[in-house]
Amino acid sequence: MDNHEEVREFLTSRRSKITPEQAGLPAGSRRRVPGLRRSEVAALADVSVEYYAKLERGNLAGVSPAVLESVARALQLDDAERAHLLHLAQAADGSDALVRPRRRATRQWKPHRSLRWTLDAVTAGPAFVRNGRMDLLAANQLARAFYADVYADPHNQANLARFQFLDPASRRFYPDWDLAADITVAILRTEAGRNPHDKDLHDLVGELSTRSDEFRTRWGAHNVRHHGTGTKRFHHTAVGELTLAYEGLDMAAEPGLTLTIYTAEPASPSEEGLRLLASWAATQEAASPTRHASS
């Protein structure tokens, strides 16, 4: 699959973010565009202007790791951006074929029973498995209750990105909505670089770009990130405000999937909120024993 446009837009967007001062260069005058000039990036990367121009036109096929590293340094890429550039280069020359995650249709994939046991063994916080498209593939009881708004609307298709940008309920669920939206798009953009051959992802991005100006603007920024650990704020319809820490773990047995566990600081109001959520979840499950049986 031709990824010239993706490469071109990513490199251009990174170049525009760096000021001459940040690169240790004189600011000069008569700059028509923000950021560095191509010639300045080429000099910092120790390649010819013509060669860097070829890269920025989208041609990463056959580029050596040493050159990629030099370009990454010149553009001051962080770890996530550096990995994204490497994935783009692998896709460009086809060397990603052996490491590409196996394509799986969400509706066909079923969690192994040992994974369900593992999720159910986590009782103090929401635990769930998602893919890079932000589909919720499996969840424990607390996670199903935690994401009740996501599951409530079938149009979301148990997808956190659709919920984020197309469901008005997300504005209440995420008090820091703009930050949550930035993270969601960065995860999808990272997945697009890592697995550019995923038709379902292309379809999702097309749908969100068509239906959400907020998504389309963020998608055009080409920001990527590793989403491994941190803290987020939520507002749950049944228990109110929650401030939760999370850990995201890549699943070695299922390439491309991430196990995420949320937890609260001990003895905090949020820990009490999770206990209330567990009680609420048990009530909901008892009232509807077949609810989310496929999760």
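Residues numbered from 1 in each chain as written. Predicted model: local features only at pLDDT ≥ 70, side-chain atom pairs only at ≥ 80, totals over all residues. Heavy atoms only, no water.

### Points about the sheet that holds strand 5 (residues 257-263)
Pairing within the open sheet is antiparallel, and its five strands lie in the order 2-1-5-4-3. The outermost strands of the open sheet, each flanked by one partner alone, are strand 2 (136-139) and strand 3 (229-236). Averaged over all neighbouring strand pairs, the angle between strand axes comes to 30°, with direction disregarded. Where strand 4 (residues 240-250) meets strand 5, six bridges bridge the pair, whose relative direction is antiparallel. Its bridge partner lying in strand 5, Glu247 is registered against Ile261. Sheet strands touched by helix 6 (residues 113-121): strand 1 (127-131), strand 2 and strand 5. Its angle to strand 1, the strand with the most contacts, is close to 135°. Running over the sheet, helix 14 (residues 269-287) touches strand 3, strand 4 and strand 5 and is turned about 85° from strand 4. (Pairing = 2+ DSSP bridges. Helix = DSSP H or I, 4+ residues; strand = E, 2+ residues; numbered from the N terminus. Axes fitted to C-alpha atoms, helices over the stretch in contact; angles between N-to-C directions. Contact = heavy atoms within 4.5 Å.)

### Let's talk about unusual backbone geometry
In this structure, Met134 is a non-glycine residue whose phi angle is positive, near 75°. In this fold, Met134 is placed in the loop between strand 1 and strand 2. By relative accessible area, Met134 is classed as buried at 5%. A positive phi angle is found at Gln157, which is not glycine, with a value near 55°. Here Gln157 shows up in the loop between helix 8 (148-152) and helix 9 (160-166). (Buried < 20%, exposed > 50% of the residue type's maximum accessible area, 1.4 Å probe, protein only.)

### Here's the deal with the layout of surface pockets
Estimates place the volume of the second largest pocket at around 400 Å³. Along its surface, the second largest pocket is lined by 22 residues, and Thr190, Glu191, Arg194, Asp250 and Thr258 are the ones closest to its centre. With four residues, the top contributor of residues to the lining of the second largest pocket is helix 11 (residues 177-194). Broken down by class, the residue content of the lining of the second largest pocket amounts to six nonpolar, ten polar and six charged. (1 Å grid on protein atoms, 1.4 Å probe; cavity = no way out; pocket = protein on both sides within 12 Å on 5 of 7 lines; lining within 4 Å. Points joined across faces, edges and corners; volume = space filled by probe spheres on them. Nonpolar A, V, L, I, M, F, W, Y, C, P; charged D, E, K, R; others polar.)

### Considerations on the nonpolar core
Judged by nonpolar contacts, the single largest core of 42 residues is most densely connected at Phe146, Tyr147, Tyr174 and Leu188. Of all the elements, helix 11 adds the most residues to this core, at eight residues. Counting 24 residues, the second largest nonpolar core, distinct from the first, contains Phe10, Leu60, Leu75 and Ala89. (Core = buried A, V, L, I, M, F, W, Y, C linked by side-chain atoms within 4.5 Å.)

### Side note on the packing of aromatic side chains
One pass over the structure, following the stated rule, counts 17 aromatic pairs. On the basis of an interplanar angle of 80° and a centroid distance of 5.7 Å, the ring pair of Phe165 and Trp177 is categorised as edge-to-face. With Phe165 in helix 9 and Trp177 in helix 11, the pair connects residues that are twelve residues apart, well separated along the chain. A cation sits over an aromatic face here: Arg171 above Trp177, 3.6 Å from the ring centre. (Phe/Tyr/Trp six-rings, centres within 6.5 Å; stacked < 30°, edge-to-face > 60°. Lys NZ or Arg CZ within 6 Å of the ring centre and 35° of its normal.)

### Here's the deal with the confidence of the model for the chain
Close inspection of predicted coordinates is inappropriate for parts of the model with low pLDDT. In the predicted model, the chain carries a mean pLDDT of 89, and the fraction of residues at 70 or more is 91%. Counting interchain partners and residues more than four positions distant, the pLDDT-below-50 stretch residues 103-107 has 16 contacts. Confidence over residues 291-295 falls short of pLDDT 50; this stretch has ten contacts with residues more than four positions distant or in other chains. (pLDDT = per-residue confidence, 0-100.)

### Some details on empty space enclosed by the protein
Under the counting rule described, the total for this entry stands at three cavities of 30 Å³ or more. There is about 150 Å³ of room inside the largest cavity. Looking at the largest cavity, it is lined by 16 residues, and the ones nearest its centre are Met134, Leu160, His227, Lys232 and Tyr262. The set of elements that each furnish at least two residues to the lining of the largest cavity consists of strand 1, helix 9, helix 11 and strand 5. The element best represented in the lining of the largest cavity is helix 11, accounting for four residues. Of the residues that constitute the lining of the largest cavity, the class distribution is ten nonpolar, four polar and two charged.

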